Amino acid sequence: MKKLHAKITGMGAYVPDYILTNDELSQMMDTNDEWIMTRIGVKERHILKEEGLGTSYMAGKAVKQLLKKTNTKPEEVDALICATVTPDHMFPCTAVLTAELAGIKNAYTFDLNAACSSFTFGLTTAAALIESGRYKKIILVGADKMSSFVDYTNRATAPIFGDGAGAVLLEPTEEEIGFIDSKLYSDGIGYPHLHLKAGGSAIPPSHETIDNKEHYIYQEGQVVFKHAVSKMADVSVEIMERNNLSHDDIAWVVPHQANLRIIDAVANRMGVDKDKVMVNIEKYGNTTSATLPLCLNEWEPKLKKGDKIVLATFGAGFCWGAAYIIWAYDGKES
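Residues numbered from 1 in each chain as written. Predicted model: local features only at pLDDT ≥ 70, side-chain atom pairs only at ≥ 80, totals over all residues. Heavy atoms only, no water.

Draft legend 1. Seen up close, the overall build of the chain. What the chain contains, in helices and strands, is 10 helices and 13 strands. Its C-alpha atoms give the chain a radius of gyration of 19 Å, near enough to 20 Å, the size a compact globule of 334 residues would have. A buried classification covers 54% of the 334 residues belonging to the chain. Across the chain, every contact between residues at least 6 apart in sequence was considered, and the portion connecting residues at least 24 apart equals 77%. Looking at the chain as shown, the accessible area adds up to about 14700 Å², and 50% of this sits on carbon and sulfur atoms. Distance between charge centroids for the chain: 3 Å, based on 34 positive and 43 negative side chains. (Helix = DSSP H or I, 4+ residues; strand = E, 2+ residues; numbered from the N terminus. Rg over C-alpha atoms; globule rule 2.2 N^0.38 Å. Buried < 20%, exposed > 50% of the residue type's maximum accessible area, 1.4 Å probe, protein only. Contact = heavy atoms within 4.5 Å. Areas by Shrake-Rupley, 256 points an atom, 1.4 Å probe, with all protein chains shown as cover. Lys, Arg positive; Asp, Glu negative; His and termini not counted. Charge placed at Lys NZ, Arg CZ, Asp CG, Glu CD.)

Laid out in structure tokens, this is it:
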């Protein structure tokens, strides 16, 4: 029997209707459109404002669209992985709630948190489950409601993040396409520089943690930027070298959408032309686990079977990595 590969056979996405613009942000804090665009590259971001709705709401919308587009019945889904750093609750897992919203019953479901690298880590995990032969249809959804943890008086973090969700369906194939390789890393040195301090078992919620704003994202921008540029670039080049890929071989690069300057630096290091790099940070900001699938969904009509694609991510922890996939279908036919 030939080795099984995991191929992406379809996708879905969802972003909330409400758009928070830079002009509106400038009325909430000391910032302006020029400052944000120069340093980050974000013009607007979608925000889930409705009370009582969490990450699972967006993930469920993306999964239902995916099921419809691929003509997949909910009962056919063997597993659902939710890549997220903003779960609805500490428990149950958001994957269970997402499955319920999408009508998926009895599937193997769990959450995966590798910060902004969650989707890449989740893709590697889902591919391994497919390659084992035990699972035939796996949905990987990357979804985050970052607005729940953003301090909208802090111009260092507030302009960066948005809300959204993207989902992909993975199925087995004996063709030499689909998920080919990945290289994933982590280094706990990153904890002091990027974290959400309170709310977990180490520092439970209290009046003091609320007063100290410890339930909001904390980031030391310059330190994170420096590590993100070097780590994302290094691992992207590593995945190219391991698979004998030149910049001409690569059809598309899908970088994490954290900062436009980081994206440009990674593309330059890889030697890839900018027109091969998927960039939508201006419209969505950093949606954390959702950035890669939102890019893939937006570019789906342009993707062709056989396209060689490199995905690259970097996030808190630090956690970072790159994956190499060969696209499995012509997007225009989906």
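Draft legend 2. Structural context of the packing of helix 7 (residues 221–242) against helix 8 (residues 260–270). With their axes 9 Å apart at the nearest point, helix 7 and helix 8 run at an angle of 30° to one another. Two packed elements cross with a definite hand, and for helix 7 against helix 8 that hand is right-handed. Contacts between helix 7 and helix 8 pair F225, A228, V229, M232, A233, D234, S236, V237 and M240 from the former with R261, I262, A265, V266, R269 and M270 from the latter. Tallied by class, the residues present in the contact of helix 7 with helix 8 amount to 11 nonpolar, one polar and three charged. (Axes fitted to C-alpha atoms, helices over the stretch in contact; angles between N-to-C directions. Left-handed = near helix turned anticlockwise from the far one by under 90°. Nonpolar A, V, L, I, M, F, W, Y, C, P; charged D, E, K, R; others polar.)

Draft legend 3. Examining the sheet that holds strand 12 (residues 308–315) more closely. An order of 8-13-12-11 is seen for the four strands of this open sheet, with the pairing classed as mixed. The sheet terminates laterally at strand 8 (178–186) and strand 11 (252–255), the two strands that pair on one side only. Across the sheet, the axes of successive neighbouring strands diverge by a mean angle of 10°, strand direction being ignored. The pairing of strand 12 with strand 13 (residues 319–326) spans eight bridges and is antiparallel. Pairing of L311 across the sheet is with A323, part of strand 13. Those strands touched by helix 5 (residues 118–131) are strand 8, strand 12 and strand 13, and its axis lies near 130° from that of strand 8. Seen against the sheet, helix 10 (residues 291–299) touches strand 11 and strand 12 and runs at an angle of roughly 145° to strand 11. (Pairing = 2+ DSSP bridges.)

Draft legend 4. How the structure looks around the nonpolar core. The biggest cluster of nonpolar side chains holds 44 residues, and the ones touching the most others in it are Y152, I250, M270 and F314. Among the elements that make up this core, the one with the highest residue count is helix 7 (seven residues). Not counting residues up to four positions away in its chain, the partners in contact with I250 are M240, M270, V272, K276, K308 and V310. In terms of nonpolar packing, the next biggest core, distinct from the first, is built from 38 residues, I81, A127, L170 and L296 among them. (Core = buried A, V, L, I, M, F, W, Y, C linked by side-chain atoms within 4.5 Å.)

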